[in-house]
Amino acid sequence: MAITPGTYLRLRREAAGLSIEDVAGVIGTVPHMDALGRAGWLRLVEADETPIGADVIDTLRNVFRFDQVVLMDLDDIARGATGVPAPRLCRLCACSENDACIDPVTHIGCAWVAAELCSACALPPAAPAVAATATGLAA
């Protein structure tokens, strides 16, 4: 079963390391809303309680990465369209083949390690003590 469009956007926002308040603090709305109103609007988008139109897509794409085609496919599926295959997404970060996670150090994209799991999510980051020991920085 495919995830909802709002869940997809939430997972991609979280994968970017952003809170709702982070996003609300940098987006603009017409008509103007204060940051609290923008945060509430984002919660409605992520809960699939408000339509995701071109204006929503344009606003959010300026803040974090997501695949617009995946979002539109998920929206079609949510509306009951038949013949639209569910996109292949990581169950943790919702990356896709067209929107891979990019390692900030190596600049290499993730790969599939399981049907619904990308390599970036497969291994949790090393704990600070383990990382320090591995790099010879332990005290």
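What comes next concerns the included structure. On a predicted model such as this, the values are computed, not experimentally measured, just so you know.

1. Thoughts on the nonpolar core
Now for step 1: In this structure, Tyr8, Leu9, Leu42, Ile52, Leu60, Phe66 and Leu71 are the most contacted members of the largest nonpolar core, which totals 22 residues.
Now for step 2: Leaving out residues up to four positions away in the same chain, isoleucine 52 has contacts with Pro5, Gly6, Leu9, Val45, Ile57 and Leu71.
Now for step 3: Ala100, Cys101, Cys110 and Cys118 belong to the second-largest nonpolar core, a separate cluster that totals eight residues.

2. Describing the packing of aromatic side chains
Now for step 1: Following the criterion strictly, the structure yields one aromatic pair and no others.
Now for step 2: On the basis of an interplanar angle of 50° and a centroid distance of 5.6 Å, the ring pair of phenylalanine 64 and phenylalanine 66 is categorised as tilted. The same class applies to phenylalanine 64 and to phenylalanine 66, which are both buried.

3. As for the pattern of salt bridges
Should their charged atoms come close, side chains of opposite charge can pair.
Now for step 1: Throughout the structure, instances matching the rule amount to eight salt bridges.
Now for step 2: Taking the shortest distance from any N to any O, the salt bridge between glutamate 14 and arginine 13 comes out at 4.0 Å.
Now for step 3: Residues aspartate 99 and arginine 65 are paired through a salt bridge, measuring 2.6 Å at the closest nitrogen-oxygen approach. Of this pair, aspartate 99 sits in the loop between helix H5 (68–78) and strand E1 (112–114) while arginine 65 sits in the loop between helix H4 (54–61) and H5, and the two are 34 residues apart along the sequence.
Now for step 4: Assessed through its relative accessible area of 4%, aspartate 99 is described here as buried.
Now for step 5: The network of salt bridges with common partners includes Arg10, Arg13, Glu14 and Glu46.

4. Overview of the layout of surface pockets
Now for step 1: Approximately 300 Å³ is the volume found for the largest pocket.
Now for step 2: Looking at the largest pocket, it is lined by 15 residues, and the ones nearest its centre are Cys101, Ile102, Asp103, Pro104 and Ala120.
Now for step 3: In terms of residue count, the dominant contributor to the lining of the largest pocket is helix H6 (residues 119–122) (three residues).
Now for step 4: Here the lining of the largest pocket is composed, by residue class, of ten nonpolar, two polar and three charged.

Parameters and conventions
- Residues numbered from 1 in each chain as written.
- Predicted model: local features only at pLDDT ≥ 70, side-chain atom pairs only at ≥ 80, totals over all residues.
- Heavy atoms only, no water.
- Core = buried A, V, L, I, M, F, W, Y, C linked by side-chain atoms within 4.5 Å.
- Buried < 20%, exposed > 50% of the residue type's maximum accessible area, 1.4 Å probe, protein only.
- Contact = heavy atoms within 4.5 Å.
- Phe/Tyr/Trp six-rings, centres within 6.5 Å; stacked < 30°, edge-to-face > 60°.
- Salt bridge = Lys/Arg side-chain N within 4 Å of Asp/Glu carboxyl O.
- Helix = DSSP H or I, 4+ residues; strand = E, 2+ residues; numbered from the N terminus.
- 1 Å grid on protein atoms, 1.4 Å probe; cavity = no way out; pocket = protein on both sides within 12 Å on 5 of 7 lines; lining within 4 Å.
- Points joined across faces, edges and corners; volume = space filled by probe spheres on them.
- Nonpolar A, V, L, I, M, F, W, Y, C, P; charged D, E, K, R; others polar.

Taken by themselves, the reported measurements are silent on function.
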